[in-house]
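# Remarks on the overall topology
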Amino acid sequence: MVRQRLGLAKLLGAAVVPRMTNMQRWCLNKTARNLLHLVLVVLVSAAPILFCSKASGAEQTLLDKGISLFKQGKLNESIAALKEATKASPKDSNCLSWLGYVLLEAGKPDEAIQTLKAASELDPKNAEILNNLGNAYLLKNDLKAAESSYKRALQLQPNLHQARYNLGLVLLKTGRYAQAAAELSRLVSAQPKNPKAHALLAQALLSANRKWEAMKALRTAVQLDPANGRYWFELGRAYTQIGLHKDAYSAFRRADELLKSEPAAAVAAAEAAEKAGDQESSAQYWQKAVAMRPNDPALRFRLGLALSVTGNLAGAEREYRQAAEMGASFPELYNNLGWVVLNQGRPSEAVQWFRKATARKPHPPEALRNLAAALEASGNIQEAAEIWRQTVQSQPSDTEAWCHLAQSLYQLGRYRASEEAWRKALQLNRRSAVAWNGLGLALQKQGNLSGALAAYQKALEVNPKLAAAQNNIGTVYEKQGKRDKAIAAYQTALRLDPNNRDAQANLKRLTEKQ
């Protein structure tokens, strides 16, 4: 019996490799938001406050006690002592300033605002009090009042760097990036060795799409404070936005080393490793992130994706299944689970997962194609052919889909229809050796040996190493009674692919007839 092949080794039963579809990116971004928003927009410490110089006697003792308790971290006791001091000396702005400051540190912005406003009324030219009042408004997210307080502080004391930093922060939070960058540029000029200033300036520059300037500011920040993992994290973000993926990978690796317990750092390092082409390390970082957040299905999904790329299909299947058990139900998960199951030789089970993926709307286009491939592998050629027909109707310029349709029709014995599909594929891509070979098979099945031979020869012009086409040429020569030419063709096929079983069987059969 003559043995032939379509030469579709990469098409037959092959699923689409899992890709970063829009939904997969959404899952990652959602994960990052749910993990830790590692940004440098942090509430800064208030300006230093002087000890009370006006109080005397018992009031001074209470003030000193309150300050001492604050330095020991005993905020409630400190507040109690400072309230006693202000009760004894209600017109002392310094006592009120200290009380407002400690209330702010204790997370009581409403009381802090009332106290600091009273202090500012007693000492209206004290810029430090206004800065602290601005911090209290900032904690309440009253950005307008905070901005007003910081600006008043800077009018009184232009070199009050904390107030300028805080003003830049408010401008950044309110979306006025150019103004924020201008204020913070003044700050770094005044304080060139302040890493926080450079880092916040970088935030403003990034927000203003001034990526290269932001990168330079963050480089300065990490030079000034190389042990600050958040600065390395933000530098990695800047590199990523610029497209310097290897530099981003290096920065995120350093961030991960410094921020050992922060899942977001591991996530960023995993993504950067993937973009830098280091798939093994990417999988390791995803594993680290999962170890920190074992109940996060989105992280499980991304680990599964990374493991599948490295060829660890069993590990990928395990992670995908755990994500599903945790309640994840987006179609990309079902598609990817089906893909790893199919590639482990379980097509019938893969069909079930692909059906679940395609039942959800919208679903990735890969899911429908993978369902067809799984149906083919499980022997359900009729349904597979119908899916490929639907695919080419919706995507008429998809050469690969036309090839799959032609292949399915050929397997169903519909050779004329298969021929038409192969010709459509060749109209789209005349350089498809697979399509030329498939056309030859369809023609040969219809008895058109000369047409089949010409198609096989065209396939070899396009791809001289296509052993399947060379074997098929041998079958034509056999049909034509040209035994020597058939043997030579089979021998050539085996030189191209010593493991080609069809050519081995055909050659053995012919030579045994001697």
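Nothing here was measured: the structure is a model prediction, and the numbers come from that model. (Residues numbered from 1 in each chain as written. Predicted model: local features only at pLDDT ≥ 70, side-chain atom pairs only at ≥ 80, totals over all residues. Heavy atoms only, no water.)

Quick look at the overall build of the chain now. The number of helices and strands found in the chain is 28 helices and zero strands. Intrachain contacts of the chain at a sequence separation of at least 6 include 54% that bridge at least 24 residues. Total accessible area computed for the chain in this model is approximately 23,700 Å², and 49% of it derives from carbon and sulfur atoms. (Helix = DSSP H or I, 4+ residues; strand = E, 2+ residues; numbered from the N terminus. Contact = heavy atoms within 4.5 Å. Areas by Shrake-Rupley, 256 points an atom, 1.4 Å probe, with all protein chains shown as cover.)

Applying the stated criterion across every chain, the model contains eight aromatic pairs. Taking 5.4 Å as the distance between ring centres and 70 degrees as the angle between the ring planes, the aromatic pair formed by F70 and Y101 counts as edge-to-face. Residue F70 is found in helix α2 (residues 58–71), and its partner Y101 is found in helix α4 (residues 93–105); the two are separated by 31 residues along the sequence. The pair formed by F70 and Y101 is uniform in burial state, with each residue classed as buried. Aromatic pair F301 and Y320: ring centres 5.8 Å apart, planes at 45 degrees, arrangement tilted. (Phe/Tyr/Trp six-rings, centres within 6.5 Å; stacked < 30°, edge-to-face > 60°. Buried < 20%, exposed > 50% of the residue type's maximum accessible area, 1.4 Å probe, protein only.)

With their axes 9 Å apart at the nearest point, helix α25 (residues 449–462) and helix α26 (residues 467–479) run at an angle of 155 degrees to one another. Taken together, α25 and α26 sit at an angle that is classed as roughly antiparallel. Handedness of the crossing formed by α25 with α26: left-handed. Listed contacts from α26 to L449, A452, L453, Y456, Q457, A459 and L460 of α25 are A469, Q470, N472, I473, V476, Y477 and K479. Across the contact of α25 with α26, the residue classes break down as ten nonpolar, three polar and one charged. (Axes fitted to C-alpha atoms, helices over the stretch in contact; angles between N-to-C directions. Parallel < 35°, antiparallel > 145°, perpendicular 65-115°, else oblique. Left-handed = near helix turned anticlockwise from the far one by under 90°. Nonpolar A, V, L, I, M, F, W, Y, C, P; charged D, E, K, R; others polar.)

Right, let's get into unusual backbone geometry. Along the chain, K361 connects to P362 via a cis peptide bond; the corresponding omega equals -10 degrees. Relative to the helices and strands, P362 is located in the loop between α19 (347–358) and α20 (365–377). Despite not being glycine, N141 shows a phi value in the positive range, around 65 degrees. By the element assignment, N141 lies in the loop between α6 (127–139) and α7 (143–156).

Now for the pattern of salt bridges. Under the criterion given, the structure shown has 27 salt bridges. Of the charged contacts in the structure, one is a salt bridge between E349 and R321, with a shortest N-O distance of 2.4 Å. Taken as a pair, E349 in helix α19 and R321 in helix α17 (residues 313–325) lie far apart in primary sequence, 28 residues in all. Its relative accessible area of 26% is what places R321 among the partly exposed residues. Residues E461 and K458 are paired through a salt bridge, measuring 3.6 Å at the closest nitrogen-oxygen approach. (Salt bridge = Lys/Arg side-chain N within 4 Å of Asp/Glu carboxyl O.)

The α-helix advances 3.6 residues per turn, and as a result positions three or four apart in sequence lie on the same side. Its 13 residues place the ends of helix α16 (residues 297–309) 19 Å apart at the C-alpha level, agreeing with the 18 Å of an ideal helix rising 1.5 Å per residue. A large share of α16 lies buried, amounting to eleven of its 13 residues. The residue sitting at the N-terminus of α16 and contributing the capping side-chain oxygen is D296; that oxygen lies 3.0 Å from the backbone nitrogen of A298. Two residues or fewer past α16, G311 is found with a positive phi of approximately 95 degrees. (Expected span 1.5 Å × (residues − 1). Polar contact = N/O pair within 3.5 Å; in protein donor to acceptor, adjacent residues only side chain to side chain.)

Here we come to the environment of A119. Here A119 shows up in helix α5 (residues 109–122). The sequence separation of A119 and P90 amounts to 29 residues, and the corresponding C-alpha distance is 9.5 Å.

Under the 1.5 Å per step criterion, the end-to-end length of helix α15 (residues 279–292) is 20 Å for 14 residues, consistent within 8% with the ideal 20 Å. Within the sequence span of α15, burial applies to S281, S282, A283, Y285, W286, A289 and V290.

Parts of the model with low pLDDT should not have their predicted coordinates read in detail. The predicted model of the chain averages 87 in pLDDT, with 88% of residues at 70 or higher. Counting interchain partners and residues more than four positions distant, the pLDDT-below-50 stretch residues 7–55 has 130 contacts. (pLDDT = per-residue confidence, 0-100.)

Moving on, we get to the packing of helix α14 (residues 263–275) against α15. Two elements in contact, α14 and α15, have axes whose closest approach is 8 Å; the angle formed by their N-to-C orientations is 165 degrees. One finds that α14 runs roughly antiparallel with respect to α15. Classified by chirality, the crossing of α15 by α14 is left-handed. The residues of α15 that touch α14, namely those facing P263, A266, V267, A269, A270, E271, A273 and E274, are Q279, S281, S282, Y285, W286, K288, A289 and M292.

What follows covers the environment of V462. With respect to the helices and strands, the residue V462 is situated in helix α25. Residue V462 is classed as buried on the basis of its relative accessible area, which comes to 17%. Separated by 31 residues in sequence, V462 and R431 have C-alpha atoms that sit 6.0 Å apart. The residues contacting V462, other than those within four sequence positions of it, are R430, R431, S432, A433 and W436.

With that settled, consider the environment of L206. Along the polypeptide, L206 turns up in helix α10 (residues 195–207). In this structure L206 comes out as buried when scored by relative accessible area, which is 8%. For the pair L206 and A238, spaced 32 residues apart in sequence, the C-alpha to C-alpha distance is 7.3 Å. Apart from residues no more than four positions distant in its own chain, L206 is found in contact with K211, A214, R237, A238 and Q241.

The subject of this paragraph is the side chain of S281. Following the sequence through the fold, S281 ends up in helix α15. Among the polar contacts listed, one links the side chain of S281 to the side chain of D278, at a separation of 2.7 Å. Those residues in contact with S281, other than ones at most four positions away along the chain, are Y249 and A273.

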